[in-house]
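# Descriptive analysis of the structure
Read off the chains here:
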Amino acid sequence: MKKDGIIMKIIPTPNKAELTGGSIDLGKIAAVAVENGSDRRITKIAVTLKREIEELCSAPVKLRACSAERTGKGCARVRISHGEAGEGYTLDIDDGGVRIVGDGAAGAYYGVQTLRQIIHEYGDSLPHCRIEDKPEFAERGFYHDVTRGRVPTLKQLCHIADLLAYYKINSLQLYVEDAFEFVEYDGIMTPENVLTAEEITALDDYCYDNFIELVPSLATFGHLYNLLQSDKYKHLCEMEDWKPEKMYWLEKMAHHTIDVSNEESIKLISSLIDQFIPLFRSDRFNICCDETFDLCRGRNAGKDAGEEYFKFLMKIIEHVKSRGKTVMMWGDIALSHPDKLHYIPKDTVMLNWTYVSDPDEGKVKAFAAAGLNQIVCPGTSSWNRFVEEIDRSEGNITRLADYGAKYGALGILNTNWGDFGNICPFNCSLYGMVIGAQKGWRCSAVLTEEFEEAASSLLYDSDDINVISLIRTMGRCERSCDWMEFMYWYSANTVEGKTTELACDTDAAIAHIAELDGVIAALRGIGEDDERISDLILSCRAIQLMNRVCLKIKGVEGYTDRVTLLYDVEAWLKPYRESWLRENKLSQLDLVDRFMHEVAIC
């Protein structure tokens, strides 16, 4: 048996998996039968399973809805145990066929997902085995930014939901500031920058069919830049008569907080909430309320920022609860005022985030000590970058999940932000996503070499080449051209009228460019026709280009040719645009395009 009990490439790793000897020919599975099938969602995933078996074995497979006595051998049977309503399941493969018994509909669904992963690994010859499995956390969520760069198409959002369901993640939140067609944003946001009500409701239906709760998430306090910078609502901005001083992405990240003393403010926020709530089945609502950087620095200067924060927070909470919803909120500002935590109603769910590789256990302990429910919120570490940084996300996700288990957290909400333009293709943040899936389902598990190999196989269809190892190398090569640091340098030297030095280890940058040539060659060996691999190659090339930009700015010999660099940026931008538009609306692509042109010639 392999380390940590990993004997098959299944993510998340089952609690108990045993190979019992022997195998069955998948081609002899003549039917997929749903027993006790009162939940139509089980029938739908059974149809998916049926089609995958037919495609693999080139033979017809029937779909049945009948009892065990009528199915016989040579059948994949999926049964819901109506005595329970849990997410656990058992899966048996032997000479009699395949049997999945779920502790309720969700358990049956997850059992089918496990079977699909076994088929992915073993093809048409399945090993005899017995799996007994159930999650350790009830809440296993994924949080995806659709505001700061990429606004996904409905097709892409459904694809993300498919991936989450495949790895037994059961909730999804989309970060929305201005990326929805709110009435208040008429004339401020354009169609290519927002999701529509039809798209949200369609996604909610799709998530429901895959046992995912789509939870509404909306900025309601800080991070209201485009709204409060507009002529229509700038009188509600804490920072009176604010004039942008930095490049757009920096301004949007840092500002704006709403004026808590203006009676119009809570009316505006309530209107946004009321337009959003009816689109979701969920009985929860994430009001965000994080990073209120400007509070009491403008119109309310001189007031106690903590008091003003909690006073306005209570108004938001009261409104959401009046609509019959449980409130969720980010916990950063609340944690900075521990003496005021008693203001927060006990039924509020605190979203406790931190993104460093070695997170502070005390942050998790604090909410537990205050008697507040919490969900720990690590991150994929893919923002501000063209590829996720595994060295950070592994420690961040695993340790924060462990602290959550220690202090009785409800679960995990793994975040995938899009700071500074959301330049990272979704396909370049997948490993962080499945680490969250692993720690959410089986928090006691540790990340091993076998887990990494399973992720390479399941995420990128690569068994011979460890793609996760290549991504780790890519992340390290991006450190010498840090996107966020470059944003600050560029803004200071082009928009703010300052003269600053760009921090860059030139020797490391030169070495990283060469090292990435080897990564690209390895990825091409897997196959450039696969969109997942081609996106990784695009990110490799982007990291090389940004390292070259840094070397040009530093005046390093051999890297000062602007014409050649601009030509190479142009050659990269064409497939990058195609990749972006394959999955997203136009959104802020033109900003990325313009910025890449400008840095090539600066």
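A brief look at the structure comes next. (Residues numbered from 1 in each chain as written. Predicted model: local features only at pLDDT ≥ 70, side-chain atom pairs only at ≥ 80, totals over all residues. Heavy atoms only, no water.)

Quick look at the overall build of the protein now. For the protein, the helix and strand inventory stands at 20 helices and 15 strands. Rg of the C-alpha trace for the protein: 25 Å, near the compact-globule value of 25 Å for 602 residues, within the 12% margin. With respect to the three principal axes, the spread of C-alpha positions in the protein is 75 × 65 × 45 Å. Each of the 602 residues in the protein was classed as buried or not, and the buried ones make up 60%. Long-range contacts, defined as pairs at least 24 residues apart, comprise 76% of the intrachain contacts of the protein with a sequence gap of at least 6. (Helix = DSSP H or I, 4+ residues; strand = E, 2+ residues; numbered from the N terminus. Rg over C-alpha atoms; globule rule 2.2 N^0.38 Å. Buried < 20%, exposed > 50% of the residue type's maximum accessible area, 1.4 Å probe, protein only. Contact = heavy atoms within 4.5 Å.)

Below, the discussion takes up helix 5 (residues 197-209). Given a rise of 1.5 Å per residue, 13 residues ought to cover 18 Å, and the 19 Å separating the end C-alpha atoms of helix 5 matches this to within 8%. Considered for burial, the residues of helix 5 that qualify are E199, I200, L203, D204 and C207. The buried residues of helix 5 occupy one face: seen down the axis, they fall within an arc of 135 degrees. On the buried face of helix 5, the contacting elements are helix 4 (154-166), strand 9 (171-175) and strand 10 (213-215). Taken from the residues just after helix 5, F211 is the one with a positive phi, measuring 55 degrees. (Expected span 1.5 Å × (residues − 1). Arc of directions from axis to C-beta.)

A separate point is the side chain of H128. Of note, H128 is situated in strand 7 (residues 125-133). A polar atom in the side chain of H128 sits 2.8 Å from the backbone oxygen of G21. (Polar contact = N/O pair within 3.5 Å; in protein donor to acceptor, adjacent residues only side chain to side chain.)

Across all of its chains, the model carries 52 salt bridges by this definition. The partner of E389 in a salt bridge is R392, and the shortest N-O contact between them spans 3.9 Å. By relative accessible area, E389 is classed as buried at 11%. A relative accessible area of 27% places R392 in the partly exposed class. Two residues, R479 and E389, come together in a salt bridge whose shortest N-O distance is 2.7 Å. (Salt bridge = Lys/Arg side-chain N within 4 Å of Asp/Glu carboxyl O.)

Here we have 8 strands laid out as an open sheet, ordered 10-9-8-15-14-13-12-11, and parallel in their pairing. Strands at the two margins of the open sheet, each flanked by one partner only, are strand 10 and strand 11 (284-286). The sheet shows a mean angle of 25 degrees between the axes of neighbouring strands, direction not considered. Note that strand 8 (residues 139-145) and strand 9 share 5 bridges and pair parallel. Bridge pairing links H144 to L174 in strand 9. Here helix 5 sits on the sheet and contacts strand 9 and strand 10; the angle it forms with strand 10, its principal contact strand, is near 145 degrees. Packed onto the sheet, helix 9 (residues 305-322) meets strand 11 and strand 12 (326-330) and runs at close to 145 degrees relative to strand 12. (Pairing = 2+ DSSP bridges. Axes fitted to C-alpha atoms, helices over the stretch in contact; angles between N-to-C directions.)

A word on the environment of L372. Take L372: it is sitting in the loop between helix 11 (361-369) and strand 14 (373-377). When the C-alpha atoms of L372 and W242 are compared, they prove to be 37 Å apart, with 130 residues separating the residues in sequence. Not counting residues within four places of it along the chain, the set of residues in contact with L372 comprises L341, I344, P345, K346, M350 and F367.

We now examine the pairing of strand 5 (residues 89-94). Within a regular beta strand, the side chains point alternately toward one face of the sheet and then the other, so they alternate between its two faces. Where strand 5 and strand 6 (residues 97-102) come together, 6 bridges link them in antiparallel fashion. Looking at the pairing, T90 lines up with V101 of strand 6. The turn joining strand 5 and strand 6, which pair antiparallel and follow one another in sequence, is formed by 2 residues. Sheet topology note: the strand 5/strand 7 ladder contains 5 bridges and is antiparallel. Counterpart to L91 in the pairing with strand 7 is I131.

In space, the 7 strands of this open sheet follow the order 1-7-5-6-4-2-3, with mixed pairing throughout. Every other strand in the sheet has two partners, leaving strand 1 (16-25) and strand 3 (62-64) as the edge strands with one partner each. Direction aside, neighbouring strands of the sheet carry axes that sit 15 degrees apart on average. Along the sheet, helix 1 (residues 40-57) makes contact with strand 2 (31-35), strand 3 and strand 4 (75-80), crossing strand 2 at roughly 170 degrees.

Okay, the side chain of S457 next. Along the chain, S457 turns up in helix 14 (residues 449-460). Note on S457: relative accessible area 2%, which makes it buried.

What follows deals with the packing of helix 12 (residues 390-406) against helix 15 (residues 467-477). Look at helix 12 against helix 15: their axes get within 8 Å of each other, and the N-to-C directions meet at 110 degrees. Taken as axis vectors, helix 12 and helix 15 run roughly perpendicular relative to one another. Contact residues: helix 12 offers I390, D391 and E394, while helix 15 offers I468, I471, R472 and R476. (Parallel < 35°, antiparallel > 145°, perpendicular 65-115°, else oblique.)

Cis geometry marks the peptide bond from I11 to P12; its omega dihedral reads -5 degrees. Phi is positive for S58, close to 55 degrees, though the residue is something other than glycine. Summarising the element assignment, S58 is placed in the loop between helix 1 and strand 3. We note that N384 has phi near 65 degrees; this positive angle belongs to a residue other than glycine. Judged by its relative accessible area of 13%, N384 falls in the buried class.

It is worth stressing that arrangement in space is one thing and function is another; only the former is reported here.
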